[in-house]
Amino acid sequence: MNTVIDNKSYKIHLTDNFEQILTQYIALNTYSAVVYLFDENTHRLYGNTPYFQYQKTIIIAAGEVNKNITTCTAVWQQLLAHNADRNTLLVNVGGGLVSDLGGFVASTYKRGIHFINIPTTLLACIDASIGGKTAINTVDAKNMIGTFCNPQLVIIDTHFFNTLPQQELLSGFGEILKHGLIASTTYFEACNNLNLNDTTLDWYAIIATSLQIKKDIVAQDFEERNVRKMLNAGHTVGHAIETILTNTSAMHYTHGECVAIGLLIEAYIAKQQQLLATKDFILIEKCITKYYLVNTILSLINDWEAFDNAIYNDKKNTNATINASLLTNIGTCQINSTITTHEIKNAIAQYCN
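Analysis parameters
Residues numbered from 1 in each chain as written. Predicted model: local features only at pLDDT ≥ 70, side-chain atom pairs only at ≥ 80, totals over all residues. Heavy atoms only, no water. Phe/Tyr/Trp six-rings, centres within 6.5 Å; stacked < 30°, edge-to-face > 60°. Helix = DSSP H or I, 4+ residues; strand = E, 2+ residues; numbered from the N terminus. Buried < 20%, exposed > 50% of the residue type's maximum accessible area, 1.4 Å probe, protein only. Salt bridge = Lys/Arg side-chain N within 4 Å of Asp/Glu carboxyl O. Polar contact = N/O pair within 3.5 Å; in protein donor to acceptor, adjacent residues only side chain to side chain. pLDDT = per-residue confidence, 0-100.

**Quick notes on the packing of aromatic side chains**
All told, the structure shown has 16 aromatic pairs when counted by the stated rule. Ring centres 6.2 Å apart and planes at 85° place the aromatic pair F161 and W203 in the edge-to-face group. Of this pair, F161 sits in the loop between β9 (153-157) and α6 (166-183) while W203 sits in helix α8 (residues 203-220), and the two are 42 residues apart along the sequence. No difference in accessibility class separates F161 from W203, as the two residues are buried. Put simply, the rings of F18, Y36, F38, Y46, Y51, F52 and F160 pair up and form one aromatic cluster.

In structure tokens form, the structure reads like this:
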């Protein structure tokens, strides 16, 4: 099985045989070398499989805390140790960390080398691996340093999902819900009825729908000057929650979990601003509280000064105002909406009592 989504600048393959697609692509090109980037987790799971076992590899530490310039420097140094020149191909095999950081490394190494993304998590399949954004974090802000740079190819093989824990499926599902909320009422309704414990779920159909939504939005606004900002729904608050928990909590919560809760908090604010009807908000609230530990996660925020810093350091902000993309209905979104820390904290308080 191989479904191809043509993204103009590159193709996205939905396949059950990533090795075949990758081998064919490399054979058709004249790269001087191919280097594979893994994090520790993906290398432990897949590094010794027949395809990867004898390849040139670079392994980085797992976890969002390692998506930083120090890790980038180590990867650049290892590329030099592999004698990687400007005609080298970097293949990023992993989740969002590997896709984001690997793309950034490739876009800057010797002023840019080609890269391919092979996402191994649901989140990376429909978020980090596509759309042409690369990024790393600073101490106080997520994805603050980055480039716009497309991969040569994205290869999605859901066989990788067989090793995913439930929390990683929930992470990807947070972004899937976002796609429905900003662009498709019917998609949101379908996702709201999914049983994520069902091992027979047709992930290919779900992923294909999310990819199409994101592809159509990005095609209109690659550098996020206008309509692409819709994809930031839930992220203004979600990124701040993720930054605080990454820096302060012993418990691990994922990007998608934080985005899902960010969607709920921002929907509450949209309701309070009379942008979103109460009936739509209730549907959103029931959905997100059904799948995610809203009260548990929000109750872990204990450094409100750091939370404020994370909010104000968000890269979407302009003129010292907090920008968000707020829902106006299930299926539509308003960009460049102004919200305040008071509104955010008031919304969070509704779920911490």
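**Quick look at the pattern of salt bridges**
According to the stated counting rule, one finds twelve salt bridges in the structure shown. Close ionic contact of E175 with K178 constitutes a salt bridge, the shortest N to O distance being 2.7 Å. A residue pair is termed a helical-turn pair when its members lie 3 or 4 positions apart in one helix, as E175 and K178 do in helix α6 at three residues. The same class applies to E175 as to K178, namely buried. The salt bridge partner of K215 is D216, with a shortest N-O separation of 3.9 Å.

**Looking at the environment of N68**
As for its placement among the helices and strands, N68 is situated in the loop between β4 (56-60) and α3 (69-81). A distance of 3.0 Å separates the side chain of N68 from the backbone oxygen of V65, its partner in a polar contact. A polar contact is formed between the side chain of N68 and the backbone nitrogen of T71, at a distance of 2.9 Å.

**Looking at the confidence of the model for the protein chain**
Looking at the protein chain, the pLDDT average stands at 93 and 100% of residues meet or exceed 70. Here strand β1 (residues 2-6) stands out as the least confident element of the protein chain, with mean pLDDT 80; α3 is the most confident, with 98.

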